[in-house]
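One letter stands for each residue in the lines below.
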Amino acid sequence: MRLPRLLVCLGLCALLAACATTGNEAGPRLQAVRALAAQAYRLDNYAELTERYRNTYQREKPFLSAQAEVGEHLLDARRQAACDDLVTLHRAVQAYLYLLGRLAGDEHYDVEDQVKGLSSAIKAWPDSGLDERHVNAYAGLSRLLGRALAQGDQDRSVQALLREGAAPMQTLLDAMRTLLRYYAKTNSNEARIVLGVLEVEIPFADTPRDRLLAVLGKERLQAKQAEYRLIGRRHTLTERSLDELARQHLELLTRLEPAHPHP
Amino acid sequence: MSTAPANPAQPAPNPAASPLDLEALADSLSACADILHARLMRAIHQRPPAAPAPAAAAAGSIDHGLSQGTAQALFENEVALRQRANGLYLDAAELAGRGLGGQQQVLLDLAAQAQDQIRRVNRIKDMASLLADLLALGAAVAAGKPEHLGPPVEKLRRHLADLQAGAPPSVAP
């Protein structure tokens, strides 16, 4: 039968091709790309904190005097308009990282399923023309093809995408980090206003008649303090994960091979 | 600084300021508000223990007996400072967020490129499956077992149908 010989021939070709194109750096680099892509979901926190920033006025409103409310209302209109744009800033970065990660995926070029399909087909007919040797030859061929054809290609595409995306990625990550800082500082002023009202008013509710008022006020103060502490912590964590994302991205860029003019 | 917008007719109240300048200004306003708050709280807690009627100490200095009205008025100043600071943070945020549309578009285009590549590789994988189907079919034919032809032929047909359904309408050059 000619089939085995043909397979061996093809297999040898594929082996040669594999040896010629598989880079040593490619594996770890692709893995680093996947690790980076796996962090992209953390940017959801940026969007949530943008939403919280957008709603500053609503949270402050019960605590504002009539005069302060006028000013805050004007700020609110501008804040709403700004947040419409800011809240989607992370999406392009996420889409880019997600697809980059999929392109760098290790199962992406895997042909195991195809191999399994053939070997189960052969087991189904014990006395057909195909036997174990053929399956093994086919499997070897497919795997080599998968690696040789794809990995060089995969690594090259991933590197090209990384290079072209480098500048916009850093710009957008920087912008998000900066915006988060503004949100955090705004949040801290909001906290001082809300907590301040309670801190200033509670000491004046010191007559027996106002005892209930003082108790409720103190209870509210504690709850609000806890809420703002929690938000402060979320800000810190989000800033840290954005820093980490930017750091990983930069590190990945240093591992790129110098761009060579490629057809 | 580096993020200075190209558009000269911007609606921001202070066109010459960079986000960093605005932030620094807002930081110092916030710091002033903090100092004011600390002083106000100290005065409130230093009041004589039996607080007199609010009107009694209205004219006194902040450190000797502070009326609720005075405390509220002082606190209003603090709130005004914080609102001013938050307004400046908003100015800075508007500046920082400006002109990023192009950068986002670049990333979205690259994402689309990656998607195309993934589709292309999936098609190669489909070809590998197709090859396996063909081998199986060939084997069944070679074995001369017509009763074995059914499943591989069916599989092959399904595969070809999938390929046709999944293939994008011919890639533009």
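What you are looking at is a predicted structure, and each value in this text was computed from that prediction instead of being measured.

What counts, and where the lines are drawn
- Residues numbered from 1 in each chain as written.
- Chains lettered and ligands numbered in written order.
- Predicted model: local features only at pLDDT ≥ 70, side-chain atom pairs only at ≥ 80, totals over all residues.
- Helix = DSSP H or I, 4+ residues; strand = E, 2+ residues; numbered from the N terminus.
- Buried ≥ 20, exposed ≤ 12 C-beta atoms within 10 Å, placed from the backbone.
- Contact = placed C-beta atoms within 7 Å.
- Expected span 1.5 Å × (residues − 1).
- Arc of directions from axis to C-beta.
- pLDDT = per-residue confidence, 0-100.
- Axes fitted to C-alpha atoms, helices over the stretch in contact; angles between N-to-C directions.
- Parallel < 35°, antiparallel > 145°, perpendicular 65-115°, else oblique.
- Left-handed = near helix turned anticlockwise from the far one by under 90°.
- Nonpolar A, V, L, I, M, F, W, Y, C, P; charged D, E, K, R; others polar.
- Core = buried A, V, L, I, M, F, W, Y, C linked by C-beta atoms within 7 Å.
- Domains from an automatic or database assignment.

Turning our attention to the overall build of chain A. A count of helices and strands for chain A gives 9 helices and 0 strands. Here chain A holds 263 residues, and 32% of them are scored as buried. Taking all contacts inside chain A whose residues are at least 6 apart in sequence as the whole, residues at least 24 apart take part in 85%.

Across its full length, chain B carries 4 helices and 0 strands. Mapped in sequence order, the helices and strands of chain B form the string α-α-α-α. Across the 173 residues in chain B, those meeting the buried criterion constitute 30%. When contacts within chain B are restricted to residue pairs at least 6 apart in sequence, those whose partners lie at least 24 apart make up 59%.

Another aspect to go through is the interface of chain B and chain A. Between chain B and chain A, the contact holds 57 residues from the first and 59 residues from the second. Looking at the side of chain B that touches chain A, the elements that each hand over two or more residues are α1 (19-45), α2 (68-97) and α3 (101-142) of chain B. With 23 residues, α3 of chain B is the largest single contributor of residues to the side of chain B that touches chain A.

The next subject is helix α5 (residues 66-86) of chain A. Spacing of three or four residues puts side chains on the same side of an α-helix, whose turn is 3.6 residues. All names here are of chain A. Given a rise of 1.5 Å per residue, 21 residues ought to cover 30 Å, and the 29 Å separating the end C-alpha atoms of α5 matches this to within 8%. Every buried residue belonging to α5 is among E72, R79, A82, C83 and L86, and all of these are buried. Buried residues of α5, seen end-on, are gathered within an arc of 95 degrees and therefore sit on one face of the element. Facing away from the buried side of α5, by more than 90 degrees, are the exposed residues A66, V70, H73, A77, Q80, A81 and D84.

Attention now moves to the confidence of the model for chain A. Residues and elements named next belong to chain A. The predicted model of chain A averages 83 in pLDDT, with 73% of residues at 70 or higher. Mean pLDDT across the secondary structure elements of chain A bottoms out at helix α1 (residues 3-21), with 46, and peaks at helix α4 (residues 56-60), with 96. The model gives residues 11-23 a pLDDT under 50, and that stretch makes 20 contacts with residues more than four places away or in other chains.

Let's shift gears to the environment of T70 of chain B. If you trace the backbone, T70 of chain B turns up in helix α2. A sequence separation of 30 residues divides T70 of chain B from L40 of chain B, and the C-alpha atoms of the two residues are 9.8 Å apart.

Quick look at the packing of α5 of chain A against α2 of chain B now. It is at 10 Å that the axes of α5 of chain A and α2 of chain B come closest, and there the two elements cross at 20 degrees. When the axes of α5 of chain A and α2 of chain B are compared, the pair comes out roughly parallel. Along this stretch, α5 of chain A crosses α2 of chain B, giving a crossing that reads as left-handed. Contacts between α5 of chain A and α2 of chain B involve Q67, A68, G71, E72, L75, R78, R79, A82, D85 and L86 of chain A on the former and, on the latter, E76, V79, A80, Q83, N86, G87, L90, A93, E94 and G97 of chain B. Looking at the contact of α5 of chain A with α2 of chain B residue by residue, the classes come out as 8 nonpolar, 6 polar and 6 charged.

Moving on to the nonpolar core. Counting 52 residues, the largest nonpolar core has V93, Y96, L100, M176 and L179 of chain A together with A93 of chain B as the members making the most contacts within it. Ranked by the residues each element gives to this core, the list is headed by helix α8 (residues 132-201) of chain A, at 12 residues. A domain split of this core shows at least three residues from each of domain 1 (19-99) and domain 2 (102-166) of chain B. In this structure, L100 of chain A is in contact with V33, A37, V158 and L161 of chain A together with A114 of chain B, ignoring residues within four places of it in sequence. Ranked by size, the runner-up nonpolar core spans 10 residues in total, among them V194 and V197 of chain A together with F75 and V79 of chain B.

Attention now moves to helix α3 (residues 44-54) of chain A. Residues and elements named next belong to chain A. Considered for burial, the residues of α3 that qualify are Y46, L49, T50 and Y53. Along the axis of α3, the buried positions cluster into a sector of 110 degrees, meaning they face one direction only. Across from the buried face of α3, at angles greater than 90 degrees, the exposed residues are D44 and E51.

Attention now moves to the environment of L30 of chain A. All names here are of chain A. Within the secondary structure, L30 sits in helix α2 (residues 26-38). Spatially, the C-alpha atoms of L30 and Q159 are 9.1 Å apart, while their sequence positions differ by 129 residues. In contact with L30, other than residues within four places in its own chain, are A104, Q154, D155 and V158.

Helix-helix packing is characterised by the crossing angle of the two axes and by the distance between the axes. Residues and elements named next belong to chain B. Viewed as axis vectors pointing N to C, α1 and α2 meet at an angle of 165 degrees, and their least axial separation amounts to 8 Å. Between α1 and α2, the angle falls in the class roughly antiparallel. When the axes of α1 and α2 are compared, the crossing they make is left-handed. The residue makeup of the contact of α1 with α2, split by class, is 20 nonpolar, 3 polar and 5 charged.

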